[in-house]
Amino acid sequence: MERALDKREQLGKTFAKYGFTPTISLPITDEVKVDVGPDQTGLLLMAVEAYQEASRRNDAMKCMNELRILWPDDISIKLSYVELMMEAAEEDKGILHEVIELTSGLENDSFVHTGLLLYKGRALRLLGLHEGAKEVLSAALRRKKDRPKTLLSAIRYERALLYEDMDQPRKARSEFEKLYADDPGFKDLATRLGL
């Protein structure tokens, strides 16, 4: 991948010569995949994910910064960036504020937007802004059509964690039970429910 980054101006030339543009589905978060092609944007997104998987956060951030310069308004790149930032949120609470700022004014227009709302809700929860988090997570769950099941499960799980933080164990348990009925293998649900 690093060799391809060094020769990025040649990416996709052979495919273009034959009028063929392949795409792959790339997971940019645990819950969301996007289609990328053999171009600079696709390669940089793949590099971000590969560096992240290899715990090379600085290299991932370097590629991400290139992407953000190339496509500052691209919603998929924004989601990948927010997810990358949230990995370091426990060490730096300022990141949570930045995530909230980056996701402000979003509507739930697509599954990528829904992914951003998940991270916004998580950031609000981690800052102790419970009512705001509840509003964002509930809004994210209102649209289910064309949303990946894993994404909807992650939002419900986050909302259950929020109820725990709000000292509402009955509501938390209810959320965990509903999620278990729909997606029994999700995270640590069986343990949380004492099963």
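Residues numbered from 1 in each chain as written. Predicted model: local features only at pLDDT ≥ 70, side-chain atom pairs only at ≥ 80, totals over all residues. Heavy atoms only, no water.

### Quick notes on the layout of surface pockets
- Volume-wise, the largest pocket comes out at about 420 Å³.
- Looking at the largest pocket, it is lined by 17 residues, and the ones nearest its centre are Asp30, Glu83, Glu87, Tyr119 and Arg122.
- Looking at the lining of the largest pocket, the elements that each hand over two or more residues are helix H3 (40-53), helix H5 (75-86) and helix H7 (111-126).
- Here the lining of the largest pocket is composed, by residue class, of 6 nonpolar, 2 polar and 9 charged. (1 Å grid on protein atoms, 1.4 Å probe; cavity = no way out; pocket = protein on both sides within 12 Å on 5 of 7 lines; lining within 4 Å. Points joined across faces, edges and corners; volume = space filled by probe spheres on them. Helix = DSSP H or I, 4+ residues; strand = E, 2+ residues; numbered from the N terminus. Nonpolar A, V, L, I, M, F, W, Y, C, P; charged D, E, K, R; others polar.)

### Considerations on H3
- With 14 residues, H3 ought to run about 20 Å at 1.5 Å a step, and its terminal C-alpha atoms sit 20 Å apart, in line with that.
- In terms of burial, H3 is a largely internal element, 10 of the 14 residues being buried.
- Phi turns positive, to about 60°, at Ser55, one or two residues after H3. (Expected span 1.5 Å × (residues − 1). Buried < 20%, exposed > 50% of the residue type's maximum accessible area, 1.4 Å probe, protein only.)

### Some remarks on the packing of aromatic side chains
- Applying the stated criterion across every chain, the model contains 2 aromatic pairs.
- Three or more aromatic residues joined by ring pairs form one cluster here, namely Tyr157, Phe176 and Phe186.
- Against the face of Tyr81 rests Arg68, its NZ or CZ located 3.8 Å from the ring centre. (Phe/Tyr/Trp six-rings, centres within 6.5 Å; stacked < 30°, edge-to-face > 60°. Lys NZ or Arg CZ within 6 Å of the ring centre and 35° of its normal.)

### Section: the pattern of salt bridges
- Evaluated as defined, the whole model comprises 9 salt bridges.
- The shortest N-O distance in the salt bridge between Glu175 and Arg159 comes to 3.0 Å. Highlighted residues: Glu175 in helix H10 (residues 169-182) and Arg159 in helix H9 (residues 149-165), separated in sequence by 16 residues. Across the pair, Arg159 and Glu175 agree in class, each one buried.
- Several salt bridges converge on common partners, so that one network encompasses Arg122, Arg125, Glu158 and Asp165. (Salt bridge = Lys/Arg side-chain N within 4 Å of Asp/Glu carboxyl O.)

### Re the side chain of Ser153
- In this fold, Ser153 is placed in helix H9.
- Each residue touching Ser153, except ones within four places of it in the same chain, is listed here: Leu179, Asp183 and Phe186. (Contact = heavy atoms within 4.5 Å.)

### Focus on the pairing of strand E1 (residues 24-27)
- Two elements, E1 and strand E2 (residues 33-36), share 4 bridges in a ladder whose sense is antiparallel. The residue of E2 that forms the bridge with Leu26 is Val34.
- Counting the residues that bridge the hairpin from E1 to E2 gives 5 residues. (Pairing = 2+ DSSP bridges.)

### Structural notes on a negative patch on the surface
- A cluster of acidic side chains, namely Glu90, Glu91, Asp92, Glu98 and Glu101, defines a negative patch on the protein surface.
- Along the chain, Glu91 turns up in the loop between H5 and helix H6 (94-102). (Patch = residues over 30% accessible without salt bridge, like charges linked within 9 Å, V, L, I, M, F, W, Y side chains within 5 Å. Areas by Shrake-Rupley, 256 points an atom, 1.4 Å probe, with all protein chains shown as cover. Lys, Arg positive; Asp, Glu negative; His and termini not counted. Charge placed at Lys NZ, Arg CZ, Asp CG, Glu CD.)

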